[in-house]
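Results of the structural survey
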Amino acid sequence: MKSILIIGSYYSFTRKLINKLYIEKWRIYTLVKYKEKKLSEVFEQYVFDYSSDSIREIIRSCKPHVIIFTGAYDSSFNWNAINIKDTALKYIADLSNLLMSSSTQGVRRFIYLSSEIVFNNDYIVDIKEDMPVYPNSYMSMAISIGENMTIHVGQATQIDTSLVRLANLYDIPKNKESCNDTITKMCLEAATNRRLEVNAKRTFAPLYVDDAVEALYLLLESKKREHKIYHISSMDEVTEDKIAKLIINNYSSPIDIIDSTKGLSKKKSCRGQSGKRENY
C-alpha cells in the first residue's frame, strides 16, 4: 500500500484529494498546524508547528512514499494579517524545516503546490513553465522563494522534487472568507454591492477543484517525471465580462456593470509545455 503525508489545513482541495487517495487505497497521514477534526479517511493526523523538531520523528514514523506540502493553498497561513511580512518569513522558515527534515529521513518524493500568484502581471501570451516569475507582494514572494527552495533541495539531495502550479483554482465557497479566486470574488462583489467592474480584455482559465485533484493524482501515480515544474490549468478560457453575464443571468436582483475595458488584451492562463491541462 502506498502512503502519503499531506501537509496543510483541510482546505476544500485537500479534502477532495484525501477522498480520492482513500478511494484509490492509499494510506493517508496528515500534518496540520492547528488542531482540526480528523477526517475519517485519514489513517493518522499529526498536529505540530511546521518548524518543530518533531517533524523529523513524524516522517520517520509514517515513512511516506511521497510528501505533499499544500503551500499556496494552506489556509493555516494568514496572508490577510497586518503583519504579513512575518507570515511570509514564517512560511519560508517552515518550508525549510519540512524540506530539510524530508532530506534527512530519506523521503523519496516531495511535491510543492504553488499557484499563478507568482505571476502577478498579466500577459499577452500563455504562461509556460519556463517563463520567469514576477512576484510583487509578500505572499507571492514567499511562495516563489518556496518554489526555488524546493527545486534546489531536489538538485542537492536524492529527493525527487516536483513543483506544481494549480492555476486559477476555484470551488464553491462555504463562506465569504473562502472567496479567494476571481470567480467567487466577482460573485461576492455582486451579492454585496450589486455592482461589478469588468475588463472584457482580461482573460483567464479557471480550474475547478475536482479537475485539479484528478490531474494531481495522475502525477502522483506517474512512474517517471520528465520535468521539475508542472502547470495544471483548464483548457477553457473566459473573460471577465462573460463571467459577469453568467452572474447576472443567475441572480434575482439587478446588478450594475461598470465597464473598465481599456488597453491591450491581457491574460493569466498557465499552460504546460505540451499545451495540455496535465503535462507529465
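A quick note: this is a predicted structure, and the numbers were derived from the prediction, not measured.

What counts, and where the lines are drawn
- Residues numbered from 1 in each chain as written.
- Predicted model: local features only at pLDDT ≥ 70, side-chain atom pairs only at ≥ 80, totals over all residues.
- Heavy atoms only, no water.
- Helix = DSSP H or I, 4+ residues; strand = E, 2+ residues; numbered from the N terminus.
- Expected span 1.5 Å × (residues − 1).
- Contact = heavy atoms within 4.5 Å.
- Core = buried A, V, L, I, M, F, W, Y, C linked by side-chain atoms within 4.5 Å.
- Buried < 20%, exposed > 50% of the residue type's maximum accessible area, 1.4 Å probe, protein only.
- Axes fitted to C-alpha atoms, helices over the stretch in contact; angles between N-to-C directions.
- Parallel < 35°, antiparallel > 145°, perpendicular 65-115°, else oblique.
- Left-handed = near helix turned anticlockwise from the far one by under 90°.
- Nonpolar A, V, L, I, M, F, W, Y, C, P; charged D, E, K, R; others polar.
- Pairing = 2+ DSSP bridges.
- Right-handed = clockwise from strand over helix to strand, strands pointing away.

Section: helix α1 (residues 12–23)
Along its twelve residues, α1 runs 17 Å from first to last C-alpha, staying within 8% of the 16 Å computed at 1.5 Å per residue. Residue Lys25 follows α1 closely and has a positive phi angle near 70 degrees.

Some points on the environment of Leu166
Along the polypeptide, Leu166 turns up in strand β6 (residues 160–166). Each C-alpha atom, one on Leu166 and one on Val209, is 9.2 Å from the other, the two residues being 43 residues apart in sequence. Here Leu166 is in contact with Phe13, Tyr73, Leu113, Ser114, Ser115, Glu116, Ala212 and Ile232, once residues within four sequence places are set aside.

Let's talk about the nonpolar core
With 71 residues, the main nonpolar core has Ile4, Phe13, Leu21, Leu31, Phe69, Leu166 and Leu216 as its most contacted residues. Examining the composition of this core, we find that eight residues originate from one element, helix α6 (residues 209–221), more than from any other. Listed in part, the eleven residues of the second largest apolar core include Ala190, Val238, Ala244 and Ile255.

Let's talk about the packing of helix α2 (residues 54–62) against helix α3 (residues 84–104)
Running from amino to carboxyl end, α2 crosses α3 at an angle of 45 degrees, the nearest separation of the two axes being 9 Å. As summarised for this structure, α2 and α3 are arranged oblique, according to the angle between their axes. Of the two possible hands of crossing, α2 and α3 adopt the one that is right-handed. Facing Ile55, Arg56 and Ile59 of α2, the residues of α3 in contact are Asn97, Leu98, Ser101, Ser102 and Thr104. A per-class count over the contact of α2 with α3 returns three nonpolar, four polar and one charged.

Description of the packing of α3 against helix α4 (residues 138–156)
Contact pair α3 / α4: the axes reach a minimum separation of 9 Å and the direction vectors enclose 15 degrees. In terms of axis orientation, α3 runs roughly parallel to α4. Crossing geometry of α3 relative to α4 is assigned as right-handed. Across from Ile84, Lys85, Ala88, Tyr91, Ile92, Leu95, Ser96, Leu99 and Met100 in α3, the residues of α4 making contact are Tyr138, Ala142, Ile143, Ile145, Gly146, Met149, Thr150 and Val153. Looking at the contact of α3 with α4 residue by residue, the class counts come to 13 nonpolar, three polar and one charged.

Some details on the pairing of strand β4 (residues 66–69)
On a regular strand, each side chain points to the face opposite its neighbour's, so the side chains alternate between the two faces of the sheet. Side chains Val66 and Ile68 project from β4 onto one buried face, and the interleaved Ile67 and Phe69 project onto a second face that is buried too. Two elements, β4 and strand β5 (residues 109–115), share four bridges in a ladder whose sense is parallel. Bridge pairing links Phe69 to Tyr112 in β5. With α3 bridging β4 and the parallel β5, this β-α-β connection has right-handed handedness.

Nothing here speaks to function; it is all geometry.
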